[in-house]
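Each chain, letter by letter, is given below.
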Amino acid sequence: MNLVIVDYKAGNVQSVLFALERLGVQATLSCEAEVIKAADKVIFPGVGEASSAMAELRARNLDKLLPTLEQPFFGVCLGMQLLCQHSEENDTETLGIIPEKVLRFKTDLKVPHMGWNQLHHLQTPLFEGLQEQEYVYFVHSYYVPLGEHTIAQASYPEPFSAALQYKNFYAAQFHPEKSGPAGSRILKNFLAL
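Draft legend 1. Focus on the layout of surface pockets. Approximately 170 Å³ is the volume found for the largest pocket. Along its surface, the largest pocket is lined by 14 residues, and G48, C77, V139, H140 and S141 are the ones closest to its centre. Secondary structure elements with two or more residues in the lining of the largest pocket: α5 (78–83) and β9 (135–140). Residue composition of the lining of the largest pocket, grouped by class: six nonpolar, six polar and two charged.

Draft legend 2. The arrangement of unusual backbone geometry in detail. With an omega of 15°, the peptide bond between V111 and P112 qualifies as cis. Looking at the element boundaries, P112 is found in the loop between β7 (101–104) and β8 (113–118). Cis geometry marks the peptide bond from Y156 to P157; its omega dihedral reads -25°. As for its placement among the helices and strands, P157 is situated in the loop between β11 (150–155) and β12 (159–166). At D91, a position not held by glycine, the phi torsion is positive, near 50°. By the secondary structure assignment, D91 is in the loop between β5 (86–87) and β6 (92–93). Residue D91 is classed as exposed on the basis of its relative accessible area of 60%. Within the chain, T124 stands out as a residue other than glycine whose phi angle is a positive 75°.

Rules and cut-offs
Residues numbered from 1 in each chain as written. Predicted model: local features only at pLDDT ≥ 70, side-chain atom pairs only at ≥ 80, totals over all residues. Heavy atoms only, no water. 1 Å grid on protein atoms, 1.4 Å probe; cavity = no way out; pocket = protein on both sides within 12 Å on 5 of 7 lines; lining within 4 Å. Points joined across faces, edges and corners; volume = space filled by probe spheres on them. Helix = DSSP H or I, 4+ residues; strand = E, 2+ residues; numbered from the N terminus. Nonpolar A, V, L, I, M, F, W, Y, C, P; charged D, E, K, R; others polar. Buried < 20%, exposed > 50% of the residue type's maximum accessible area, 1.4 Å probe, protein only.

Next up, the structure:
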């Protein structure tokens, strides 16, 4: 399998590479359009801030390329938020692939939401073999509300989208690469799509 991780200077790439290596899978790290287009599957990880991440994507013309991809595509954390239409983080227009908006948590709880939290209402083959209330690892200050593209939920304290799907684009707000056996299973399931 030709698996490509999109490299746009948005952190946590090494932890994704290591998680894939633990599964016996080698991935190519690239920001080259031809390499990404030729991939069987694409992973789009990210940590950091939306507007600077979008500036990096625009500088590489990836903002034009990524929405055209037709192979299975998996956005992680900031990668999920960038797939949406707009983020409240610095009022940023994002890639516009998934018709959802990204909002800042408004809660008395500590923000960022950081640590282990349970998944509920699991849908699609991405969560094959996982139980309701499986724990995964989150680090985020912004979230996508529940909507028609929600395929898993978590709560902090109100329910939000822990994962999304739109066409061939899958996305997780949590970090599967840091989520132990549950996260490994989710990555395996994505690779099997």
